[in-house]
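Analysis of the macromolecular model
Each chain is listed here by its residues.
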Amino acid sequence: MSAQAPTGDLMARFGVSAARRRKDRVARGTILAATIVALIPLVLIVYYLLSKGLGAWSSSFFTTDPTGNTFFKSESIGGIKSAILGTVEMVALASAISVPVGVGVAIWLVEYGKSSWFAHTVRFFVDVLTGVPSIVFGLFIYIVLIVGTGSSFAGYKGSLALSLLMLPVVIRSAEVILLLVPSGLRESALALGAPRWKVIFSIVLPTALPGMVTGMLLAVARAAGETAPLLFTAASTKATSFNLSGFMNSLPVQIYGDVTSPTTAVVNRAWGAALTLVVMILALNLLARLISRRSRLA
Amino acid sequence: MEAASIPGGDRALPARSPLARLPDKLLRYALTLLAGLILALIVFFFVRLVGEARPAFAKAGVLGFAFDNNWTPSAERFGALPLVLGTLITSSLALIIGVPIAIATAIYATELCPIRLRTGLTVLVELLAAVPSVVYGLWGIFFLAPKLQGTEQWFADRLSFIPFIGGGLVTIPNYFITGLVLAIMILPIVSAISREVMSTVPADHKEAALGLGATRWEMIRIAVVPYCRAGIVGGAMLGLGRAIGETIAVTILIGDAPKLGSQLFGQGYSLAAVVANEFGEAQGVHRSALFAAGLVLFVLTLLVNGVARGLVVRSARSTRQSGPTPGMGASVLVADTAAGA
């Protein structure tokens, strides 16, 4: 933060003309107003999520599967149990894939690749992955695992699409943290005669781990909210399933399906599911923030 | 200091047996392979996508696909112009509405805000990134669109002399609402990158401006904004990439009418929305056309993001001389995880 600008009387005494002072006031006012405008949608979204979503919440809402029966009252349309479990299962598998791979690539970038041309190429492609629309990841997996194998939708295919999407976030965040591990630690371990792999596994990784968890949790939070890659990889089903090679329901896909319904009760279920999803994602974000504050690095 | 001599200096350095060196080599090769695999995977996906999209391009020609204004799957006509323009209209709207607000938020947070409020403000803006796309769609279609319909109709009536903007009947799902919601969705990323870049402006520059008698606003205009221009433009383009690839919220809000909307407040379609909406029942050439739409989307976001990353990285390099990675701060990381579908 720079020095305090002279304000009010002081500006007048310094001979700042009235016109310039007015312009200053107007510009600052506009910036403040725009900042407040930026916060309005947040307030509105939170308000509507709470007011509509809490109304849909009940104990049976979380313990029953959607019935597909939309012509009757809200008791008979069912809840979101299969959607919650499906999201948890698929995101867990996606994390199990993308976290080891992502951390591995990050280690390679920091410990081996450094600033070679190959490392720069990898970094560039990882950045490219960050910007790829998530529906395109869905298409990729569809082409390779559904057209390619001639089989049908499955939960694990959805997980793979999600893991592609998580990968760049995991890699880039892990890389940033690994770079912060003091090189003195590495050098002293090497000087004591430890081989490279031992330095990585028993010095670098344990030091960086708490910091890396933050990025991982953010990646998980991102994957949990995605709809598009799941639409034609995991599809959806109504029943709770623990079989990742079969069709799977998920919260975002269920919300997407319910939005288009003409029945008020089904739309209310979408609000309840949306509130559930946002609470889950916010909890992950909060946890990530807490851990990053505890971490010694960053 | 005197160079320390190794006690027993004539002894050979403690060499490891080849067997003991094996894990080191293995780890190195395995990790290099992993990194190479990522590249191979992207190239492989791209080639397969092109392969799957080929029948559609063969039928309409690449230019015919991109510039023919006729998307009628039932008649096997696949001209994607209405989709491409729908994507461009909504994402430019998102930029026009979202970027000035995002930059203002960044300026306020870095230059004007009382320090006590700064973290809170940053966190609140970042919260927008934590809301999933489908929830934006839900909120947009059931709250925002009906609430704004009257206002939109008023504007459409008053501005009916301007082609495209005015005239006609306002529908609940339309281009404008889509652009508005997209603007909210890109706000966190554009704001985070602008903030990050603005925090690199040397205090000397700002103090020099103030010392020469500039008011706070003049200081922002002459010292802060020119210094960060490339970074801010890069941030805005990353936002553009987001807006172009955004799928589910757009599918819900744009109305999914497979023709070029005649007005801003009418229904339309976009590249991402067509894939999400029609893929389920598509067969044969239709499905291939949807792959082609996905390919166009992929290439478009690739170009936009490539340029954007270049600008942000250059701006970060020229200001900070950071190491091999122009490391983005934590807040950018958070905003970067904004749900993109």
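Residues numbered from 1 in each chain as written. Chains lettered and ligands numbered in written order. Predicted model: local features only at pLDDT ≥ 70, side-chain atom pairs only at ≥ 80, totals over all residues.

**Section: the overall build of chain B**
- Within chain B one finds twelve helices and two strands.
- Ordered by position in the sequence, the α and β elements of chain B form the string α-α-β-β-α-α-α-α-α-α-α-α-α-α.
- Scored against the burial criterion, the 341 residues of chain B give a buried share of 52%.
- Here the analysis covers contacts within chain B between residues at least 6 apart in sequence; of these, 76% occur between residues at least 24 apart. (Helix = DSSP H or I, 4+ residues; strand = E, 2+ residues; numbered from the N terminus. Buried ≥ 20, exposed ≤ 12 C-beta atoms within 10 Å, placed from the backbone. Contact = placed C-beta atoms within 7 Å.)

**Some points on the overall build of chain A**
- Of the regular secondary structure elements, chain A holds 13 helices and zero strands.
- Starting at the N terminus, the α and β elements of chain A follow one another as α-α-α-α-α-α-α-α-α-α-α-α-α.
- Computed over its C-alpha atoms, the radius of gyration of chain A comes to 25 Å, more than 25% above the 19 Å expected for a compact globule of 298 residues.
- Expressed as lengths along the three principal axes of its C-alpha atoms, the size of chain A is roughly 75 × 65 × 35 Å.
- Burial status across chain A gives 47% buried among its 298 residues.
- Counting contacts in chain A only where the partners sit at least 6 residues apart, residues at least 24 apart contribute 75% of the total. (Rg over C-alpha atoms; globule rule 2.2 N^0.38 Å.)

**Observations concerning the interface of chain A and chain B**
- Taken together, the contact pairs 87 residues of chain A with 80 residues of chain B.
- In terms of residues, the side of chain A that touches chain B owes the most to one element, helix α2 (residues 18-56) of chain A, which gives 17 residues.
- Partitioning the side of chain A that touches chain B into residue classes produces 60 nonpolar, 16 polar and eleven charged. (Nonpolar A, V, L, I, M, F, W, Y, C, P; charged D, E, K, R; others polar.)

**Examining the environment of B:His205**
- Within the fold, B:His205 resides in helix α7 (residues 203-211).
- Residues B:His205 and B:Tyr227 lie 22 residues apart in sequence; the distance between their C-alpha atoms is 9.4 Å.

**Observations concerning the nonpolar core**
- With 195 residues, the main nonpolar core has A:Val170, A:Ala274, B:Leu138, B:Val181, B:Leu187 and B:Ala293 as its most contacted residues.
- Here this core gets 17 residues from one element, more than from any other, and that element is helix α6 (residues 175-198) of chain B.
- When sequence neighbours within four positions are dropped, the list of residues in contact with A:Ala274 reads A:Leu49, A:Gly53, A:Ile255, B:Val135 and B:Leu138. (Core = buried A, V, L, I, M, F, W, Y, C linked by C-beta atoms within 7 Å.)

**Here we look at helix α7 (residues 134-147) of chain A**
- The terminal C-alpha atoms of α7(A), which comprises 14 residues, lie 19 Å apart, in line with the 20 Å expected from a rise of 1.5 Å per residue.
- Residues of α7(A) that are buried include every one of A:Ser134, A:Ile135, A:Val136, A:Phe137, A:Gly138, A:Leu139, A:Phe140, A:Ile141 and A:Tyr142, and no others. (Expected span 1.5 Å × (residues − 1).)

**Looking at the confidence of the model for chain A**
- Taken residue by residue, chain A gives an average pLDDT of 87. The fraction at 70 or more is 91%.
- Element-level mean pLDDT values for chain A span from 64 in helix α1 (residues 9-13) of chain A up to 93 in helix α5 (residues 81-113) of chain A. (pLDDT = per-residue confidence, 0-100.)

**Some details on the packing of α7(A) against helix α8 (residues 155-180) of chain A**
Residues and elements named next belong to chain A.
- Contact geometry for α7 and α8: axes closest at 9 Å, N-to-C directions at 135 degrees. Looking at the two axes, α7 sits oblique to α8. The two elements α7 and α8 cross, and the hand of that crossing is right-handed. Residues Ser134, Phe137, Gly138, Phe140, Ile141, Leu145 and Ile146 of α7 form the contact with α8, whose participating residues are Lys157, Leu160, Ala161, Leu164 and Leu165. (Axes fitted to C-alpha atoms, helices over the stretch in contact; angles between N-to-C directions. Parallel < 35°, antiparallel > 145°, perpendicular 65-115°, else oblique. Left-handed = near helix turned anticlockwise from the far one by under 90°.)

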